[in-house]
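Observations on the model geometry
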Amino acid sequence: MELLKTAQKDSVLSSMITIIDESRKAILDANRLDLEAFERDDQALYDRLVLDNAKVDGMIAAIQTVKGQPDPIGRVRSSGVLDNGLRIENRTAPFGTILIIYESRPDVTIEAAVLAFKANNKILLKGGREAVHTNRVLVDCWHRALEESGLPADWIQLITLDRQATRDYLKNPPQPIDLIVPRGGEKLINFVKEYARCAVLVSGRGNNFAYIAADADWQQVLPIVINAKTDKISACNALDKVLVDEATPELPAKLQQLGNALRAKSVQLLAEERLLPLLEDAMPIADESVWYEEFLAPKICFGLVAGVEAAINKINTYSGGHSAAILTSDDAKAFVFMEQVDSAAVYHNASTRFTDGGAMGVGAELAISTDKLHHRGPLGLEQLVTNKYYVYGDGQIR
């Protein structure tokens, strides 16, 4: 694996900022072709496909942010000298080659690849066929930037394969692949995990829960739930399930108020049988599988629980391990919830929409990891590294 100097990498990123800005028309024209070809059978997928000038600005901002961050490679994590005189350092190192498989979102072609590149990895991009025209233009921008800095274009490659060919590729890749990051729904993640022959970093599946405790401040509850559900329906950090404590004072009036606010935002309500009389126009939950489902749609599900322990158990049974929130005035109760809920991000009196690299101060992110090995949560530049040991001796033998 060739280690590039920081100046080389930043030179490529400087070129990318200029090239992306100058290529706006070509990018948006290509995106229009993809949108026209899309069958609109999946609204969330369509929403993720759409580019406009604001999203192009976001790509440029992501490149600028990563360019301004310190190079994550070669940092000393720990060092020491053993009794036998060996000096040992643990340093950050690149993975090597990263394959990113993603659906719809062409901005990933920039925002994920820029992180992988700055972390000195070669990048294989397997975008969905629904974004093929946009992705080709964006990867061409990468190739121009690489060549302007004297680097081969194959540092970043676009792979266009159908499902069968992708399966064969994962089982027998034509080149060494060190890490695969699938960014998409549960079907995509399971597909990659089934056929991949190298490490897979799982990311993205939400199915996020909020537990409203009996002592919650309903002046906070309404804006938090509305924001978490409706701010961006197609986001993996959007809220899907609400658990309300059965001991909540004035529960009928409070639920009616919350239900009205959600319906005003065109959100469909699902509810347990006990809650149907309290939530106007709510539909009954069809079966248990609904509790496991990530909606990515204007839909939310309500359930009743008896206390924080019951809420914790239900969340740990059904959630995707992404984000969970407790709304309560009791700090001790909140801490128990945050300690025991098995999610990458846990919240006290705040919206789950903050599970995002930029919103959490990590900067641009490759994904939100729900894995427990390597890293959990927003996967930014500092987390997109592995490590190795440097051992310095003077003739020592064992």
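See above for the structure.
Below is a summary of the structure that appears in this document. Bear in mind the structure is a predicted one, so any value in this text is a computation, not a measurement.

Now for the pattern of salt bridges. Under the definition given, this model contains 20 salt bridges. Between R274 and E272 there is a salt bridge whose closest N-O contact spans 3.3 Å. Connected through salt bridges with shared partners, the residues E246, E272, R274 and K314 form a single ionic network.

Turning our attention to helix α4 (residues 53–68). Residue pairs three or four apart in sequence face the same way in an α-helix, which turns once every 3.6 residues. If you check α4, its first and last C-alpha atoms are 23 Å apart, about what 16 residues at 1.5 Å a residue would give, namely 22 Å. Inspection of α4 places V56, M59, I60, A62, I63 and V66 among the buried residues, and these make up the whole buried set. Buried residues of α4 fall within an arc of 150 degrees about the axis and therefore sit on the same side. Away from its buried face, by an angle of more than 90 degrees, α4 presents the exposed residues A54 and G68. In the core, the buried residues of α4 are packed alongside α1 (6–22), α2 (24–37), α5 (108–118) and α6 (132–148). Where α4 begins, the side chain of D52 points an oxygen toward the backbone nitrogen of A54, at a separation of 3.1 Å.

For the rest of this paragraph, the subject is the sheet that holds strand β5 (residues 156–158). The 5 strands lie next to each other as β5-β4-β3-β6-β7, forming an open sheet whose pairing is parallel. Looking along the sheet, the strands with just one partner apiece sit at the ends: β5 and β7 (199–200). Two strands pair when backbone bridges link them, and strand β6 (residues 179–183) and β7 are joined in this way by 2 bridges, in the parallel orientation. Residue pairing for β7: I180 is matched across the bridge by V200.

This brings us to α2. The first and last C-alpha atoms of α2 sit 20 Å apart over 14 residues, in line with the 20 Å expected at 1.5 Å per residue. Listing the buried residues of α2 in full gives R24, I27, L28, A30, N31, D34 and L35. Along α2, the residues classed as buried sweep out an arc of 160 degrees about the axis, all on the same side. Exposed residues lying more than 90 degrees from the buried face of α2 are K25, E36 and A37. Looking at the buried positions of α2, the neighbouring elements they touch are α1, α3 (43–49), α4 and α6.

Relative to each other, α2 and α4 sit at 125 degrees, their axes nearing to 11 Å. In terms of axis orientation, α2 runs oblique to α4. Judged by the twist between their axes, the crossing of α2 over α4 is right-handed. Mapping the contact onto sequence places R24, I27 and L28 in α2 and N53, V56, D57 and I60 in α4. Each residue belonging to the contact of α2 with α4 can be placed in one class, and the counts come to 4 nonpolar, 1 polar and 2 charged.

What counts and what doesn't
- Residues numbered from 1 in each chain as written.
- Predicted model: local features only at pLDDT ≥ 70, side-chain atom pairs only at ≥ 80, totals over all residues.
- Heavy atoms only, no water.
- Salt bridge = Lys/Arg side-chain N within 4 Å of Asp/Glu carboxyl O.
- Helix = DSSP H or I, 4+ residues; strand = E, 2+ residues; numbered from the N terminus.
- Expected span 1.5 Å × (residues − 1).
- Buried < 20%, exposed > 50% of the residue type's maximum accessible area, 1.4 Å probe, protein only.
- Arc of directions from axis to C-beta.
- Contact = heavy atoms within 4.5 Å.
- Polar contact = N/O pair within 3.5 Å; in protein donor to acceptor, adjacent residues only side chain to side chain.
- Pairing = 2+ DSSP bridges.
- Axes fitted to C-alpha atoms, helices over the stretch in contact; angles between N-to-C directions.
- Parallel < 35°, antiparallel > 145°, perpendicular 65-115°, else oblique.
- Left-handed = near helix turned anticlockwise from the far one by under 90°.
- Nonpolar A, V, L, I, M, F, W, Y, C, P; charged D, E, K, R; others polar.

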